[in-house]
Amino acid sequence: MQEFAVILISAIFVNNFVLVQFLGLCPFMGVSSKLETAIGMAGATTFVLTIAAMSSYMVNNWILVPLNIEYLKTISFILVIAVVVQFTKMFIEKSSPLLYRVLGVFLPLITTNCAVLGVALQNTTKAHTLSESTLYGFGAAIGFSLVLILFSAMRERLTVADVPEPFKGAAIAMITAGLMSLAFMGFGGLA
Amino acid sequence: MALLKLTSPHAHSAQNTARVMQLVILATIPGLFALTLFFGWGSLINVTLSCMVAVGSEALVIRLRKRPIMFYLKDYSAILTAVLLGISLPPLAPWWIAVVGTSFAIIIAKNLYGGLGYNPFNPAMIGYVVLLISFPVQMTAWPAPAELYPSDMQVPGLWHSIQIVLPLLNPDTLSGVSETASGTIDAYTAATPLDTFKQNTGLLVDQFYKKELFFSQGTWAGLGWEWVNIGFLLGGLFLLYRKIFTWHAPLGMLLSLALCSVIFYDSGSSSSLGSPLFHLLSGATMFGAFFIITDPVTSATSNKGRLIYGALIGVLIFIIRSWGSYPDAIAFAVLLMNFAAPLIDNYTMPRTYGYSKSGVKSNKKRKEDQSDAR
């Protein structure tokens, strides 16, 4: 039980995928300008990340390792992630057309979220078991969602700030992300 | 001004920005006095140095932006940031610590966002965290309180302290004699009570308090530090009395910190994480509670929001102090909650007068509107 808590805290705070490992920065910058879309994106990414972490573990340990073709790891993980994203997209499209319209183009874009591939690859290097892999994926997703939602609320406030001309837009957002990453260093040593 | 997401009625106060800033600076005096009394002149030198750098860098940025310099300097906000940062720096730190920290705080954390009222993070705490991460050795070397100095040693006086901070003023440095060669020791450093307490392995809290000089010579929570905290508490209560800020954020923070430490106090066993009194009166607790988290720009806006904001800071402080790798946690906890403040605001927006929570007009208001229309 203890090690599960450690994995969760480590993935959410101490080794936060966005602010400490700098993975998944593209959706973090791209989808954070409005709070509503950020929340939708966070939900979709959480689902995809958890499922992708689990299924890439299965592909790696039940197919690639027995056949001794682990060098195909990266490409098969990308395939797995694309399939999971496509499945999620079809599922949401049929079950909740409203949410599908809100998420729009961001849903297929999860495929290119490097945090998803990062989780799958880290699970193999850290030699996690099936349940640990799933939990690590879930924790990474919660950490991603947390900072994405907080950041989008902050960016809504930044749009009215009197930022000097050269720093407007993406520049000040990057500086803010950097300062946030500084704050997240405070979690160092927790797990 | 920060973008207020609060709705009417807005109450206006007669205080202007400069007056508020001056009062806050004034209120740091008891704490600063205690710091000087126990740790020598270092803190005052830090504050002076920071103020000069702050005014200089603020003027530079405003000049670059082609705005009226005196108009912005006169609001005292840069000086307040410098005073707060100067207080949090270790006394007798080398001069470039104050210079690097203050210029980072003023230029990047404050003015890149457009200056006073727009900065999402507390500039003083950004400066502190940048320094702590970049120069951990200098930033964790606190001088020992005067009472703990060896009997044959003197606490450095004012001129000697200035020479330690600015080695160029020291004739020895100028003539090329290195410090080790001249064989003099400038000052003693010691672990802070928070550091000392973390080193406790296997002793009951009572035994540990008897063994460590810090606690056996102190009254409640460690020699020197308890009085520094009481000083800042007094200053904070003065500001509260002058209605500079509301009681919500400080109370939330102190209560949640006390509550966490009550839960993990473990009745003073060897694995205890410290008593509530110890946590409330050591490190920068009171300074943080009354001078840092009450910053109106970077904290949550509504009263309910401030209560939540303060309480979460208290919890984070306890977590990082007890299980993290940094000695004190005020700066990190404040920055993390600065980051969360806009979201807290978003979910604690007060109800508009005459409207229900979901924004639908109440029946009473509708009738009033109709009668107005007629």
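Since we're looking at a predicted model, the values are computed, not measured.

Caption draft 1: Seen up close, the nonpolar core. Judged by nonpolar contacts, the single largest core of 149 residues is most densely connected at F28 of chain A together with F121, F291, Y309, I313 and F339 of chain B. For this core, the element with the highest residue contribution is helix α20 (residues 330–347) of chain B, accounting for 13 residues. Counting residues domain by domain, this core receives three or more from each of domain 1 (15–190) and domain 2 (193–349) of chain B. Contact partners of I313 of chain B, with chain neighbours within four places excluded, come to M253, I293, A333, V334 and M337 of chain B.

Caption draft 2: Looking closely at the interface of chain A and chain B. Contacts between chain A and chain B engage 32 residues on the former and 38 residues on the latter. Taking both sides of the interface into account, the surface hidden between chain A and chain B amounts to around 2900 Å²; carbon and sulfur atoms contribute 75%. Of all residues in chain A, R157, D162 and L179 of chain A bury the most surface against chain B, accounting for 23% of the area lost on that side. Connecting chain A to chain B are three salt bridges. When the shortest N-O distance is used, the salt bridge between R65 of chain B and D162 of chain A registers 3.4 Å.

Caption draft 3: The domain arrangement of chain B, seen in detail. All names here are of chain B. With domains assigned, chain B is organised as domain 1 (15–190) and domain 2 (193–349). Computed over C-alpha atoms only, the centres of domain 1 and domain 2 are separated by 22 Å. Contact residues are listed per partner, giving 35 residues for domain 1 and 29 residues for domain 2. In total, domain 1 and domain 2 occlude about 2800 Å² of area from one another, counting both sides; carbon and sulfur atoms represent 83% of this. Considering only the side of domain 1, the residues that lose the most area to domain 2 are N122, M125 and L148, jointly responsible for 18% of the buried surface there. For the pair domain 1 and domain 2, the interface holds two residue pairs in polar contact (both at pLDDT 80 or more). For the side of domain 1 that touches domain 2, the element with the highest residue contribution is helix α2 (residues 29–39), accounting for seven residues.

Caption draft 4: Expanded view of the packing of aromatic side chains. Residues and elements named next belong to chain B. Summed over all chains, the structure comprises 19 aromatic pairs over all chains. Ring geometry for F71 and Y72: centres 5.2 Å apart, planes at 90°, overall edge-to-face. The class of Y72 is partly exposed, set by a relative accessible area of 27%. When the ring of F264 is compared with that of F318, the centres are 5.7 Å apart and the planes differ by 25°; the resulting orientation is stacked. Of the two residues, F264 sits in helix α16 (residues 248–265) while F318 sits in helix α19 (residues 303–323), which places them 54 residues apart along the sequence.

Caption draft 5: The pattern of salt bridges, seen in detail. A full pass over the atoms with the stated rule returns five salt bridges over all chains. Taking the shortest distance from any N to any O, the salt bridge between D345 of chain B and R157 of chain A comes out at 2.4 Å. Separated into two different chains, D345 of chain B in helix α20 and R157 of chain A in helix α8 (residues 130–158) make up a pair that spans both. The exposure class of D345 of chain B is buried, given its relative accessible area of 5%. Across the pair K168 of chain A and E165 of chain A runs a salt bridge, and its minimum N-O distance is 3.4 Å. According to the relative accessible area criterion, K168 of chain A is partly exposed, its value standing at 44%. In this structure E165 of chain A comes out as exposed when scored by relative accessible area, which is 61%.

Caption draft 6: A nonpolar patch on the surface, seen in detail. Residue and element names in this part refer to chain B. Nonpolar side chains collect at one region of the surface, where W247, L251, L255 and L307 lie side by side and expose about 390 Å² of accessible area between them. Mapped onto the fold, L251 is located in helix α16. Classification of L251 by relative accessible area gives partly exposed; the value is 42%.

Definitions and cut-offs
- Residues numbered from 1 in each chain as written.
- Chains lettered and ligands numbered in written order.
- Predicted model: local features only at pLDDT ≥ 70, side-chain atom pairs only at ≥ 80, totals over all residues.
- Heavy atoms only, no water.
- Core = buried A, V, L, I, M, F, W, Y, C linked by side-chain atoms within 4.5 Å.
- Buried < 20%, exposed > 50% of the residue type's maximum accessible area, 1.4 Å probe, protein only.
- Helix = DSSP H or I, 4+ residues; strand = E, 2+ residues; numbered from the N terminus.
- Domains from an automatic or database assignment.
- Contact = heavy atoms within 4.5 Å.
- Buried area = accessible area lost by both parts, 1.4 Å probe.
- Salt bridge = Lys/Arg side-chain N within 4 Å of Asp/Glu carboxyl O.
- Polar contact = N/O pair within 3.5 Å; in protein donor to acceptor, adjacent residues only side chain to side chain.
- Phe/Tyr/Trp six-rings, centres within 6.5 Å; stacked < 30°, edge-to-face > 60°.
- Patch = residues over 30% accessible without salt bridge, like charges linked within 9 Å, V, L, I, M, F, W, Y side chains within 5 Å.
- Areas by Shrake-Rupley, 256 points an atom, 1.4 Å probe, with all protein chains shown as cover.

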